[in-house]
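# Results of the structural survey
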Amino acid sequence: MLTTLVNSGTSLDISKWKRYRVLLLAIFSYLSVLIVLISDQAFASPQVTSTRLWAGPEYTRLTIESNSPIKYSLSENGSAKKIVMALEGVSLTPALESLKNKVDAKDPFIRSARIERSQSQKLQLVLGLKVNVTPKLFTLEPMEGFGHRLVLDIYPSTQSGSTPKKDDPLMALVSEFESRRAMQHQRKPTPSGTILTNFDRKPSSSRNYIIAIDAGHGGKDPGAIGPKGTREKDVTLAIARKLKARIDKEPNMRAVLIRDGDYFIPLTNRRTKARQANADLFISVHADAVPRLQAHGSSVYALSENGATSTTASWLAKKENESDLIGGVKLDDKDHYLRKTLIDLSLNATINDSIKLASNVLSSIGNINHLHKRNVEQAGFAVLKSPDIPSILVETAFISNPNEEEKLRSQSYQDKMADAITVGIKRYFANNSIPTRTELAQAE
């Protein structure tokens, strides 16, 4: 417009131009503020980007992932057998709408899922239930590529009188041991608040020895991923299953799998399931990654209460202990086993047994693969902190190394690794007094 006025020969009053400039600046400022307000409003409204529904043998987990935190409330209607989750300020997205199609008919708890609007126009997620349940709702902060997560865990109600699922072999074994223990203690009841320790080390030749095999990671926690996309959780489960098959063929030995499928189990629950199965040994199978791609070989770790024995051991322990955060565990539960002075005494003895077990397994693995470290290493692995079960963590190979990734994908190498670990366990039993766990009263 200014050019037109000049070209037409019209003189432009300087004061008028100043007024035009002020007006233009005001309009520009107004538009800028409006854009910011609109952007802030859009950002403040949570957008559901993903939903996941997983039904495991012990609980069902529903996860709602969003770009910002969601304000929520939860209500139950036991008589109608439903759970209603109100989501404030959330719009209906394809990710949220797809949730109704993710309900598995085999889910032991959830019958249906639907989205509806309340009278106040809040979006509601309504879950129809098959049985009475106990829900646990919590949030998780973004990490490892995940956004803000609203997590609903659904457990069987403690009042439902439910029994262990028959398709869960570990829980069936737990039930069997509990029945035997009840019969053994009919005349001598166990005081409440007792723990099992390994102070009595006289072996009993009349019993089978239980080895708990823990396949590392699982479910939404894939573990380390190799250059060709091999997932640690798949490798560890394959080796764990082969290891169980070999142990079950041995006389006086029986193996149980902590997980026998692709689902997530918190680290503390892995230890608890081993104790429930009355396990005499705990073997955690891993195939980790390190930043240095040239790193190769196998390692065996035991627990340390006094720091790690190497930088690699410290780094791996820290990485493994973060699995709960990736898998989505609300870290607000106290580990009451490790708070007790009495159990600390037992833990020291258990660590010594763990090192003996680790030495035998490491020596056996050395016959089939290069050893990254020729000595047993120690670090503060959370999964190994059972105070009464000798526990080791076996790094079968580094999945981050291209050559070792190929090994880990190989059925032949998986078979050899399972054989080697079995040989190490047998040597441990042959060379050491087998710890028999006894009950010991514990003061709260």
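Residues numbered from 1 in each chain as written. Predicted model: local features only at pLDDT ≥ 70, side-chain atom pairs only at ≥ 80, totals over all residues. Heavy atoms only, no water.

Put simply, the rule is: UniProt positions are given in the numbering used here, feature names are shortened, and annotations may be inferred rather than shown by experiment.
Per an unreviewed UniProt entry, the protein goes by the name N-acetylmuramoyl-L-alanine amidase AmiC and belongs to Nitrosomonas nitrosa. Listed in UniProt under the heading Catalytic activity (unreviewed entry), the comment for the protein reads: "Hydrolyzes the link between N-acetylmuramoyl residues and L-amino acid residues in certain cell-wall glycopeptides." You can read under Sequence similarities (unreviewed entry) in the UniProt record for the protein the words "Belongs to the N-acetylmuramoyl-L-alanine amidase 3 family."

### Some thoughts on the overall build of the protein
As a reminder of what qualifies: Each helix is a run of DSSP H or I of at least 4 residues and each strand a run of E of at least 2, with the numbering of both proceeding from the N terminus. We call a residue buried when its accessible area falls under 20% of the maximum for its residue type, exposed when it is over 50%, and partly exposed in between, using a 1.4 Å probe and counting protein chains only. The contact definition used throughout considers only heavy atoms, calling two residues in contact when any of these lie within 4.5 Å. Accessible areas in this description were obtained via Shrake-Rupley with a 1.4 Å probe; residue shielding takes into account the shown protein chains only.
Looking only at helices and strands, the protein features 11 helices and 16 strands. Each of the 444 residues in the protein was classed as buried or not, and the buried ones make up 46%. Considering only intrachain contacts with a sequence separation of at least 6, the fraction spanning at least 24 residues in the protein is 75%. Within the structure as shown, the protein displays about 22,600 Å² of accessible surface, and the carbon and sulfur contribution to it stands at 53%.

### Here's the deal with the pairing of strand 2 (residues 60-66)
Consecutive side chains along a regular strand alternate between the two faces of the sheet. Selection rule: Whether two strands pair depends on DSSP finding at least two bridges between them.
Taken across its 7 residues, strand 2 has 7 buried, putting it largely inside the fold. Burial along strand 2 is two-sided: T60, L62, I64 and S66 and R61, T63 and E65, pointing in opposite directions, are all buried. One ladder, built from 7 bridges, connects strand 1 (residues 48-55) with strand 2; its direction is antiparallel. Within strand 2, the position partnered with W54 by the bridge is R61. The loop that links strand 1 with its antiparallel partner strand 2 comprises 4 residues. Strand direction decides the pairing type here: strand 2 and strand 8 (residues 148-156), joined by 7 bridges, are antiparallel.

### With respect to the nonpolar core
The criterion, for reference: For this analysis, a nonpolar core means a set of buried residues of the types Ala, Val, Leu, Ile, Met, Phe, Trp, Tyr and Cys, connected via side-chain atoms within 4.5 Å.
In terms of nonpolar packing, the biggest core is built from 41 residues, with I211, I213, I283, I365, I421 and I425 touching the most fellow members. For this core, the leading source of residues is helix 11 (residues 411-431), giving 8 residues. For I425, the contacting residues outside a window of four places in its chain are I211, I247, M253, L281, I283, L357 and V361.

### Examining the sheet that holds strand 4 (residues 82-88)
Note: strands within a sheet are paired through backbone hydrogen bonds, in either parallel or antiparallel orientation. Selection criterion: Only the stretch in contact is used when fitting a helix axis, every axis being a line fitted to C-alpha atoms; angles between N-to-C directions are given from 0 to 180 degrees.
As summarised here, the arrangement of the 4 strands in space is 3-4-6-5, forming an open sheet in which the pairing is antiparallel. The outermost strands of the open sheet, each flanked by one partner alone, are strand 3 (71-77) and strand 5 (110-117). For this sheet, the mean inter-axis angle between neighbouring strands, taken without regard to orientation, is 15°. In this structure, strand 3 lies alongside strand 4, joined through 7 bridges in antiparallel fashion. Directly across from S75, in strand 4, lies its bridge partner V84.

### Description of unusual backbone geometry
Non-glycine residue H217 carries a positive phi angle of around 65°. Here H217 lies in the loop between strand 10 (209-215) and helix 5 (232-248). Of the residues examined, H217 reaches a relative accessible area of 5% and is grouped as buried. For N252, which is not glycine, the phi torsion reads 60° and is therefore positive. Considering the arrangement of structural elements, one finds N252 in the loop between helix 5 and strand 11 (253-257).

### Comments concerning the sheet that holds strand 7 (residues 133-140)
Taken in spatial order, the 4 strands make up an open sheet running 1-2-8-7, and their pairing is antiparallel. One side of each edge strand has no neighbouring strand; the edge strands of this open sheet are strand 1 and strand 7. Across the sheet, the mean angle separating the axes of adjacent strands is 10° when strand polarity is ignored. Judged from the 8 bridges that link them, strand 7 and strand 8 form a sheet pairing that is antiparallel. Note on strand 8: the bridge partner recorded for F138 is V151.

### Remarks on the environment of E65
Heads up, the rule is: Whenever two N or O atoms come within 3.5 Å, that pair is a polar contact, provided that in protein one can donate a hydrogen and the other can accept it, and provided that, for residues adjacent in sequence, both atoms are side-chain atoms.
Looking at the element boundaries, E65 is found in strand 2. On the accessibility criterion, E65 (8% relative accessible area) is buried. Through-space distance from the C-alpha of E65 to that of V48 is 5.8 Å; in sequence the pair is 17 residues apart. Apart from the residues within four sequence positions on either side, E65 is in contact with Q47, V48, T49, S50, R52, G145, F146, G147, H148 and R149. One polar contact links the side chain of E65 to the main-chain amide nitrogen of G147, over a distance of 2.6 Å.

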